[in-house]
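This is what each chain is made of:
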Amino acid sequence: MNDTPETSTVLLIDDDRELGQMLQDYLAADSLKVHVCCSGEDGLKALGLHKFDLVILDIMLPGMNGLDVLKALRTTTDIPVIMLTARGDDVDRIIGLELGADDYLAKPFNPRELIARVRAILRRIQPSSRKQETWQLGSISLDRTTRSASVHNTALSLTGTEFEILRCLLQAPGEVVSKQRLSEIALGRHLLPYDRSIDTHISNLRKKLERAGNSDETIQNQRGVGYLLIPGTSQRNLRQ
Amino acid sequence: MKSLLIRIFLSFWLIIGLTIGTAAIGGYWYAEKVSNAYDNFELGDSILDASAALQSAGREGLRSWLNEFPGADGLQVLVLDARGQDLLGRPVPVTMRRMLDRRQRFMRPPDRLRRDPENLMRARPLSQLIGPDGQRYVIVVVPARNPLLARYGLSPRTLLLILALLVSAAVSILLARAMSRPVRELREATRSLAAGNFEKRVSSSVGRRRDELGSLARDFDTMADNLQRSAAQQLELSRNVSHELRSPLARLRVALELARREAGNLAEFDRIDVETERLDTLIAQILDYTRLDSIADQDKRPLSLNDVIADVIADVNYECNSVGIDNVSITSEFSSSINVLAHESSIKSAIENILRNAVKFTKPNSRVVVSLRREYPDKALVTVDDSGPGVPESDLDRVFEPFFRSADAANSRSGTGLGLAIAARAISLHGGTIAASNRADGGLRISMQLPC
């Protein structure tokens, strides 16, 4: 964390031009270079032309809807996405997270909060120097250097957040990991009241694992506590 | 029938006409029948046989003659002794007995009695026989009694009366129902409109009528349309205003942070920050409130109320801890596990708003208790109890109104004033009811009843 961040480039897709300019100024002071696009189409175009570290995407866009932009964007890249949603609009938020957004912020947001979220996610994608970089449990294996996951040796496409959550659970099979901790590790922030983002990411993860043919390991919910990964039977037998 | 006036007029006319008609026609028909029977009947020579039987074998002889007498269509031949009793013990019509009592002799009855069916036999000469012992017997011919009527002791006259009553009752019931059903339907529709349900329409039922009630029903629908439209417009307006307020608010917040950077941390900036936050919360709540309107039935799914409540308690506990309220504990008492068909986020926000309100007002170091039980087989009851100051009785109904503040609730800890309104609206959109009451041992209880 001490390695002072290089200037990262952020793509902001928001139709509020004035807000965009102000954010540009505001984030620039935090060595974040912001490129503003006022429509979804422009945003996707810019993504094809330049390299960005992160996308901030307003869901409430005129013309091409933010969710459509997210869907289109996810077909080509797994770049981290923070979406800006209407406060209280659970449907957009849940669909957004399901479509692969990494985190969300309700608009109007506190700009300091925005910086914190952006930083947390950028920090997470920076290559770390920790020793262990690969994990394996039953049919699931993860490789942190390449940020790749596979089930039965077939590649599994996970967003950064899903990858980190799965890694957390995989590190401690059979142990309950609190939502608080999952939020801190995968999203780099504290869990907020009424925050369902971890639950949504977990449900995405379950679906993806199931679709990839994993039936042994299951992610269980301990209501009010957190989540745990139950190792498959074959795995447990092996241990005994 | 176009007019209610004509309808009522004709119906009454019909009832009265039918009643009179039934009585008149029935009476006439019966009199005609009896009179025909008399016309066709001739005692003739049989009277000689009777006399012979009486002379030879006395009373017993007359009795056996009577027993063998074939009788006649619609008529009955009675032989009465001196005490006025029939020899075969058959009942003697009251009128006949009275007449015999009144007059020792057989006389031609006065003309005015001729038309009374039971008096008709007096129009015929009656025969008198005198037995060997000087005993006097009278042969009378009376209209035969209908065995069915006889069993219930009814005279044809009573039957006519009952018949007339039945006919008029039947028609009256039809009329009453025809008038009261549409009125009742209209009344139900009006009530449901008054309760805030703008969906109810009556065109397809009462509105089909072509009378005044029909046009009243169509007017009702027009009124409901207008009310619904204006309510929707009002909601739409608050929704749009709130949405539009967000963009400047978002810019304001960024501008504030930029200013902070330029000018350093001023206490005023913190104040602006707090106020912006409040504005933001208020707008969010208005949007929550207006958004409740668009819940469709297909958005509802089966939910475990127990899980929903447990989730909300966990969230509110978490929120309490994060804002430093750590002397209030929230406990739950579930006496059954109940599933409801509901829109998850709105039912959650209902319980959450009530719980937050309870936490806000309860005394320090007290408990807020959420309980869930089955009240009726198809009703779930959720109550939230706090130990706060409660609400004056007169204001209990009004706490669910948007922005309502009780006058003497010196509440400095102000919320947006929309929390309970959101809860009430969400509950009523699920077909439930919500009520506030003061608890006997202090504090407020909010009870929600939900169909399950």
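See the structure printed just above.
Think of each chain on its own: its residues are numbered from 1, step by step along the sequence as written. Following the order in which they are written, the chains are lettered starting with A and the ligands numbered starting with 1. Only residues with pLDDT of at least 70 get local features here, since the model is predicted, and only at 80 or more are side-chain atom pairs given and counted; chain-wide, interface and lining totals rely on the full set of residues. Working from all heavy atoms in the structure, the side-chain values ignore hydrogens and water.

Visitor: Would you take a moment to explain the pattern of salt bridges for this structure?
Guide: When the charged atoms of two side chains with opposite charge come close together, those side chains can pair. Note on definitions: salt bridges are taken to be side-chain nitrogens of Lys or Arg within 4 Å of carboxyl oxygens of Asp or Glu. A complete count under the given rule lists 36 salt bridges over all chains for this structure. D58 of chain A is the partner of K107 of chain A in a salt bridge, and the nearest nitrogen-oxygen pair spans 2.8 Å. Linking K107 of chain A in strand β5 (residues 103-107) with D58 of chain A in strand β3 (residues 54-58), this pair joins segments that are 49 residues apart in sequence. Residue K107 of chain A shares its accessibility class with D58 of chain A, and that shared class is buried. Linking R209 of chain B and D211 of chain B is a salt bridge whose minimum nitrogen-to-oxygen distance equals 2.7 Å. Here R209 of chain B and D211 of chain B have matching classes, each one buried. A helix here means a DSSP run of H or I that spans at least four residues, while a strand means a run of E at least two residues long, and both kinds are numbered starting from the N terminus. The classification of residues rests on relative accessible area computed with a 1.4 Å probe and restricted to protein chains. Under 20% of the type maximum is buried, over 50% is exposed, and intermediate values are partly exposed.

Visitor: Can you walk me through the sheet that holds strand β2 (residues 127-130) of chain B in this structure?
Guide: The pairing of strands in a sheet comes from backbone hydrogen bonds and takes either a parallel or an antiparallel form. Residues and elements named next belong to chain B. Across the sheet, 3 strands lie side by side as β1-β3-β2; this open sheet has antiparallel pairing. Looking at which strands have only one partner, the edges of the open sheet turn out to be β1 (75-80) and β2. Across the sheet, the axes of successive neighbouring strands diverge by a mean angle of 25°, strand direction being ignored. Here a strand pair is declared whenever DSSP counts at least two bridges between the two strands. Both β2 and strand β3 (residues 136-143) contribute to a ladder of 4 bridges, which runs antiparallel. The residue of β3 that forms the bridge with S127 is I139. Only C-alpha atoms enter the line fits that serve as axes; for helices the fit covers just the stretch in contact. Angles between N-to-C directions range over 0 to 180 degrees.

Visitor: It is not clear to me how the nonpolar core should be interpreted in this structure. Could you clarify?
Guide: Here is a general trend for soluble globular proteins: nonpolar side chains tend to be buried in one another's company. Residues L355 and I434 of chain B are the most contacted members of the largest nonpolar core, which totals 49 residues. Looking at this core, the elements that each hand over two or more residues are α8 (305-323), β6 (339-342), α9 (344-361), β7 (367-376), β8 (379-385), α10 (419-429), β9 (433-438) and β10 (444-451) of chain B. Whether two residues are in contact is decided by their heavy atoms, any of which lying within 4.5 Å being enough. Beyond its immediate stretch of four places on either side in the chain, I434 of chain B contacts I354, F400, A423, A424, I427, I446, S447 and M448 of chain B. Counting residues in each nonpolar core, the second largest holds 26 residues, with L169, L187, I198 and I202 of chain A among its members. Definition of nonpolar core: a set of buried residues of the types Ala, Val, Leu, Ile, Met, Phe, Trp, Tyr and Cys, connected through side-chain atoms within 4.5 Å.

Visitor: Sorry if this is basic, but what is going on with the environment of E212 of chain B here?
Guide: Tracing the backbone shows E212 of chain B in helix α6 (residues 212-263). A C-alpha to C-alpha distance of 5.8 Å links E212 of chain B and L4 of chain B, two positions 208 residues apart in sequence.

Visitor: Please explain the environment of A178 of chain B as it appears in this structure.
Guide: Residues and elements named next belong to chain B. Along the polypeptide, A178 turns up in helix α5 (residues 156-194). Here A178 falls in the partly exposed class, since its relative accessible area comes to 23%. If we skip the residues at most four places from it in the chain, A178 touches R7 and R209.

Visitor: Which parts of the structure should I look at to understand the interface of chain B and chain A?
Guide: Many structure descriptions define interface size as the accessible area lost when the parts assemble. Contact residues are listed per partner, giving 30 residues for chain B and 28 residues for chain A. When two parts are brought into contact, each loses some accessible area as probed by a 1.4 Å sphere; the total of that loss over both is the buried area. At the boundary of chain B with chain A, total buried surface from both sides reaches about 2600 Å², with 54% on carbon and sulfur atoms. Interface area lost by chain B to chain A is led by R251, R261 and Y318 of chain B, which between them contribute 23%. At the boundary of chain B with chain A, the tally comes to 3 salt bridges. Note that D273 of chain B and R112 of chain A form a salt bridge whose closest N and O atoms lie 2.8 Å from each other. In protein, a polar contact means a hydrogen-donor-capable atom and an acceptor-capable atom, both N or O and within 3.5 Å, with residues adjacent in sequence counting only if both atoms are side-chain atoms; elsewhere, any N or O pair within 3.5 Å suffices. There are 6 residue pairs in polar contact (both at pLDDT 80 or more) connecting chain B and chain A. Listing elements by their share of the side of chain B that touches chain A, those giving two or more residues are α6, α7 (267-291), α8 and α9 of chain B. Looking at which element gives the most residues to the side of chain B that touches chain A, the answer is α6 of chain B, with 12 residues.

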